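What follows is each chain in one-letter form.
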Amino acid sequence: MNATAARTRISLKNVLFATDFSPAAEAALPYAIGLAQRYGGTVHGLHVRFPATYPVVGPEAMPQVLEAAEEQAKIEAQQLHQMLAGVPHEVSVGEGEVWPVIAEIARKDKTDLIVIGTHGRTGVTRVLLGSVAEEIFRKSSCPVLTVGPHVSKDTERRLEMKEILYATDFSPASLAALPFAVSLAQEHQARLTLLHVVGPPKVGELVHAEQYAESILRQLRALVPAEAEPWCEPNFKVEHGAEADKIMEVANALGADLIVLGVRGAEGGVGAATHLLQSIAHRVVTQARCPVLTV
């Protein structure tokens, strides 16, 4: 990707906030509202219910069972309306598997950004688990902002986004996130740090990364258009070590308000999206102290 590809200004007119009403999910709510307000957008609040399992009852009792389920959906929709009061919004309560419902709403509303919270654990408890969050950000065709369990409660400061960290390995998937990092830096007049982490040397590797660090820095500098430098204060770093650990280490040292990552899409079914529980993106999303934007 050449630098001109990073000049596109992003638009966040339609923000999808998906929640299971858990505290972890609701921690993402201020980000959905704050970004929609900044960009003059609308928030679509969505709750996805597990497929209904009805008790074994006689035909005469089924209408009451269905009525109770419908009433519960109305209560959940009202909860969403209350959560989004004061900002232009729509609400939906869907039923089924999480990603297909989110995908349908995102397609219908031409969603620009999905905002989710995750507690980062695995297991069958609530809906937006770490593995389900990974399925969302790997399958989504629009960016996904994830608020993990270690993100500080200083939401107002984070929303100012004065310090943005963009991590890249120069792959096409990674570079797809660059326009969003640059555009957000421009919008928020933020300092943008571009980071490349060189992983541990492979067995039998003859040329070590330290020998071409300056070349990597030149590659990083070439990603930012010259006219962007006055307003995004670009900074360039090359680090060595375990990728996820180094990304979070640099983010913490900078006091980053946002980490931006490009991620590879999921190939195959749900298992392909969720089995890499220790992937770089998954670790950063669930352990970072600031929100993470995945593209």
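Calculation notes
- Residues numbered from 1 in each chain as written.
- Predicted model: local features only at pLDDT ≥ 70, side-chain atom pairs only at ≥ 80, totals over all residues.
- Heavy atoms only, no water.
- Helix = DSSP H or I, 4+ residues; strand = E, 2+ residues; numbered from the N terminus.
- Buried < 20%, exposed > 50% of the residue type's maximum accessible area, 1.4 Å probe, protein only.
- Contact = heavy atoms within 4.5 Å.
- Areas by Shrake-Rupley, 256 points an atom, 1.4 Å probe, with all protein chains shown as cover.
- Polar contact = N/O pair within 3.5 Å; in protein donor to acceptor, adjacent residues only side chain to side chain.
- Pairing = 2+ DSSP bridges.
- Axes fitted to C-alpha atoms, helices over the stretch in contact; angles between N-to-C directions.
- Salt bridge = Lys/Arg side-chain N within 4 Å of Asp/Glu carboxyl O.
- pLDDT = per-residue confidence, 0-100.
- Core = buried A, V, L, I, M, F, W, Y, C linked by side-chain atoms within 4.5 Å.
- Expected span 1.5 Å × (residues − 1).

(A) The overall build of the protein chain, seen in detail. On a plain count of helices and strands, the protein chain comes out with 13 helices and 10 strands. Out of the 295 residues in the protein chain, the part that is buried amounts to 51%. Contacts in the protein chain between residues at least 24 apart in sequence constitute 81% of all its contacts with a sequence separation of at least 6. Counting only carbon and sulfur atoms, one obtains 54% of the accessible surface of the protein chain, whose full area is about 13,800 Å².

(B) Here's a closer look at the side chain of arginine 138. Take arginine 138: it is sitting in helix 5 (residues 130–139). The class of arginine 138 is buried, set by a relative accessible area of 13%. One polar contact links the side chain of arginine 138 to the main-chain carbonyl oxygen of arginine 264, over a distance of 2.9 Å.

(C) Representation of the sheet that holds strand 1 (residues 14–19). The 10 strands lie next to each other as 3-2-1-4-5-10-9-6-7-8, forming an open sheet whose pairing is mixed. Both outer strands of the open sheet, strand 3 (89–95) and strand 8 (235–240), are each paired with one neighbouring strand and no more. Adjacent strand axes in the sheet meet at a mean angle of 25° when their direction is disregarded. Pairing geometry for strand 7 (residues 191–198) and strand 8, over six bridges, is parallel. Opposite valine 197, over in strand 8, you have glutamate 239 as the bridge partner. Against the sheet, helix 2 (residues 29–38) engages strand 1, strand 2 (42–49), strand 4 (113–117) and strand 5 (144–147), with an angle of about 170° to strand 1.

(D) Main features of the pattern of salt bridges. Summed over all chains, the structure comprises 14 salt bridges. Of the charged contacts in the structure, one is a salt bridge between glutamate 249 and lysine 246, with a shortest N-O distance of 3.2 Å. On the criterion of helical spacing, the pair formed by glutamate 249 and lysine 246 is a turn pair, its members being three residues apart in helix 11 (residues 243–254). According to the relative accessible area criterion, lysine 246 is buried, its value standing at 17%. Taken together, the salt bridges that share partners define one network made up of Arg157, Arg158 and Asp257.

(E) How the structure looks around the environment of asparagine 252. Within the secondary structure, asparagine 252 sits in helix 11. When the C-alpha atoms of asparagine 252 and arginine 289 are compared, they prove to be 7.4 Å apart, with 37 residues separating the residues in sequence.

(F) Quick peek at the confidence of the model for the protein chain. When pLDDT is averaged across the protein chain, the result is 83; 79% of the residues are at 70 or more. A low-confidence stretch, residues 122–129 (pLDDT under 50), is modelled with 26 contacts involving residues beyond four sequence positions or located in other chains. Here residues 268–277 scores under 50 on pLDDT; set against residues more than four positions off or in separate chains, the count is 17 contacts.

(G) Highlighting the nonpolar core. Val115, Ile164, Tyr166, Leu192 and Leu194 are the most contacted members of the largest nonpolar core, which totals 51 residues. Examining the composition of this core, we find that six residues originate from one element, helix 2, more than from any other. Those residues in contact with leucine 192, other than ones at most four positions away along the chain, are Ile164, Tyr166, Ala181, Val182, Ala185, Cys232, Glu233, Pro234 and Asn235.

(H) Expanded view of helix 4 (residues 98–109). Counted at 1.5 Å a residue, the expected span for helix 4 with its 12 residues is 16 Å, and the 17 Å between its end C-alpha atoms agrees. The first or second residue beyond helix 4 is lysine 110, which carries a positive phi of 50°.

(I) Local environment of the environment of leucine 165. The residue leucine 165 is located in strand 6 (residues 163–167) in this model. Apart from the residues within four sequence positions on either side, leucine 165 is in contact with Thr193, Leu195, Ile247, Val250, Ala251, Leu254, Ala256, Leu258, Ile259 and Val260.

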